[in-house]
Structures are given as C-alpha cells and as structure tokens.
Amino acid sequence: MGSATKQNLNTGDLVASVAVAGRADLTDAQWARLEPLLPRGKKAGRPPKWSKRQIIDGIRWRTRVGAPWRDVPDRYGPWQTVYGLFRRWQRAGNWALLLKLLQILADANGGICWQVSVDSTIMRAHQHAAGAVRDGGAQAEPPGGVEVEPADHALGRSRGGWSTKLHLACEQGLAPLAVLITGGQAGDSPHFTAVLDAVWVPRLGGGRPRVRPDRVLADKAYSSRANRDYLARRGIRATIPVPGDQVGHRLRRGTRGGRPHAFDAEIYRDRNAVERGINQLKQNRALATRYDKLAVRFLATVHIAAIDLWLR
C-alpha cells in the first residue's frame, strides 16, 4: 500500500472519528442544568416528533464538526428542523440569553473567578463564508433579528486572507464572560474597552449586576494610556506589561514621564486562562474556521461553543 493511500486512510479515519454522532451529546446532568433555562413555546398543539434535546444536540454536533447543515445526522432530526431552530433562536437572541443565564447561575454559586484575562484570536473564513447579501435589512426577514448585521459581515483582509477576529474576556476558569467579533484586520487594543463593557452578569435575588472585574490581565498589545485610564476610572487593577518603546518614551521625558506602571510577573502567568479558553473554543471546527456567511450567525455559533464551556 502506497504512502498516499495510507495518508488518505488516516485522514478518513480522523474525519470519521470527529463526525461520530452522539459522541459529545449532552449528558443527563448537563441537560438537567440547561433544560429549565430554555425558552418556552407559546402555542399548544401536538407534541413535536423531535425532542428539543435532540435538535439542540444536532446544532452542537454541527458546531463541533463544522459540517454543512445538510449533513447533520438523521438521529437529530431533519436538517431543516435543526437549522430552523438555530436560526430562530439566533434572531430572537436566545443563544446569547442562555449564555447569560448560565453565567448568572455560576456567579450565584461562586463559580466565577473575577480575575479576567482579555485577548483575541483570528479565524480563517472558508470560501462558503463569502457571498452574503449586501443589504440584508431589505429582506422580508432581516437576518439580524435583535442584532444588527454589520455592513462588512465581520470579514476583513489580514495576512492570511479573509478572516474574522474574536475578542473575548475569560474568567480564570477558562469560560468566556464576553465575546465580540470584528473583521480579521481589526486591532486588539481599540476593542479592549468594548469587550470589558460587555461583561455584565445580573445577580439572583436582585441588586446591581456584576460588571467590574477585580483585576484584568492582558498582553502588551493592550498597554495604551487610554486602556489604563479606563481601568483606573473603574477601579480595576491591571496587570499589563509595558512594551519597550513605551518604556523608552517615559525615560526620555525624565520626571515628566511619571512613575513606571506596576507589573507583577507572577500574577501575569495567570493570563494563560484566556489562551486556554481560546483553545477550548477552537475545538469546535465551525468556530475555528468560519463557514457562516452572516456575522450574526457566526456569533451565535460562538455563543453555542461558549455555552458548552459553561456547562462543563
């Protein structure tokens, strides 16, 4: 058997192992946590042929595997039914709401460490992500629903071609507290405050939502005066290294340069939480490579992957 044939067989085995239906379906314990949070239908009628758990597992299967919707296994129901629920809940904002509800429950149970790390990662856009309608708002059913589809569909040219960038803030347990997508060419630092402003966890039993981390960790790409002033105004401690050029500028200004920013290298090691969180999210192939034409659909895919992390 030639080496090329062996390589093809190995590749086939890998794809088959990834695409096995049922291997990563919700456990009974996970379903018991998720099921009470699901939106309830308003119409009475015949019981549906396919249970909500089956359909959600089909959506999760597609998110994990990155296959076309038409290839969702029959055990989860017709692909039109699976995609239909994904799209309806995206337009209604239900995926984002489920993510928020899981965060609320985790915070109430002391499951959130409020030392937050911020970073970003790039996802290459597959050729299937191209070709979205330019004026989606003029459609009979605008794709965004509660969200607005950006004009650029969160696609931009970077060194690797068309891509999308995911900006996120992760708590120390690796689960994302806030996510934001932009075109792949977008810089990291300009979106630092937007990501932190999206951290918003209401409290069970009333009271003000938790919006302020105890400490924020980020790499030197986020070391700007604007970002540090933002954290200082909100009373958030910062652990962000200072790049060499900024150190030089301060030294050249002498006493006018002010004191050097405090930096604890030992605490900075904890920033690996956001890198590990990104790795966990990118185990979902529909997130690691963008296949969705619309930014709002891709963001829903990100929310589904994040929901899985909160269910662990």
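Everything quoted here is computed from the prediction, not taken from an experiment. Residue numbers here run from 1 along each chain, matching the order of that chain's written sequence. Side-chain atom pairs in this predicted model are given and counted only at pLDDT of 80 or more, local residue features only at pLDDT of at least 70, and totals for whole chains, interfaces and linings cover all residues. Derived side-chain values reflect all non-hydrogen atoms in the structure, with water molecules and hydrogen atoms excluded from consideration.

Draft legend 1. How the structure looks around the pairing of strand 1 (residues 115-125). Remark: exposure states derive from per-residue accessible area (1.4 Å probe, protein chains only) relative to the maximum for the residue type, with buried under 20%, exposed over 50%, and partly exposed in between. The helix count covers DSSP runs of H or I at least four residues long, the strand count covers runs of E at least two residues long, and both are numbered beginning at the N terminus. Of all 11 residues in strand 1, 9 are buried, a share of seventy percent or more. When DSSP finds two or more bridges between a pair of strands, those strands are recorded as paired. As paired strands, strand 1 and strand 5 (residues 215-217) are joined by 3 bridges and run parallel to one another. Across the sheet, the residue bridging to Ser117 is Leu217, located in strand 5. Here 8 bridges tie strand 1 to strand 3 (residues 161-170), and the two strands are oriented antiparallel to one another. Looking across to strand 3, one finds that Arg124 is bridged to Ser163.

Draft legend 2. Quick look at helix 12 (residues 295-311). The terminal C-alpha atoms of helix 12, which comprises 17 residues, lie 24 Å apart, in line with the 24 Å expected from a rise of 1.5 Å per residue. The element helix 12 is largely enclosed, with a buried count of 17 among its 17 residues. For a helix, the expected span equals 1.5 Å multiplied by the residue count minus one.

Draft legend 3. Quick peek at the packing of aromatic side chains. Between the rings of Phe, Tyr and Trp (Trp by its six-membered ring), a pair exists once the centres lie within 6.5 Å; its type follows the angle of the planes, with under 30 degrees stacked, over 60 edge-to-face, and the other angles tilted. Taken as a whole and assessed by the stated rule, the structure comprises 6 aromatic pairs. Ring-pair connections join several aromatic residues into one group, and the members of that group are Trp69, Tyr83 and Phe86. If you follow Arg210 out to its NZ or CZ, it ends over the ring of Trp114, 4.3 Å from the centre. Two thresholds decide whether a charge sits over a ring: the Lys NZ or Arg CZ must be within 6 Å of the ring centre and within 35 degrees of the ring normal.

Draft legend 4. Region of interest: unusual backbone geometry. A positive phi angle, near 55 degrees, is found at Ala154, a position not held by glycine. Here the phi dihedral of Leu174 falls at roughly 85 degrees; this positive angle occurs in a residue that is not glycine. The residue Leu174 is located in the loop between strand 3 and strand 4 (176-183) in this model.

Draft legend 5. Layout of the packing of helix 4 (residues 79-92) against helix 5 (residues 94-108). Interhelical geometry of helix 4 versus helix 5 gives an angle of 75 degrees and a closest axis separation of 5 Å. Of the possible angle classes, the one that applies to helix 4 and helix 5 is roughly perpendicular. In this structure, helix 4 uses Phe86, Trp89, Gln90 and Ala92 to contact helix 5, whose residues at the interface are Asn94, Trp95 and Leu98. Its residues assigned to classes, the contact of helix 4 with helix 5 comprises 5 nonpolar, 2 polar and no charged. With axes taken as lines fitted to C-alpha atoms, and helix axes fitted only over the stretch in contact, angles between N-to-C directions fall between 0 and 180 degrees. Just so you know how the angles are binned, under 35 degrees is roughly parallel, over 145 roughly antiparallel, 65 to 115 roughly perpendicular, and the rest oblique. By definition, residues are in contact when any of their heavy atoms lie within 4.5 Å. Residue polarity follows a fixed list, in which Ala, Val, Leu, Ile, Met, Phe, Trp, Tyr, Cys and Pro are nonpolar, Asp, Glu, Lys and Arg are charged, and the others, Gly among them, are polar.

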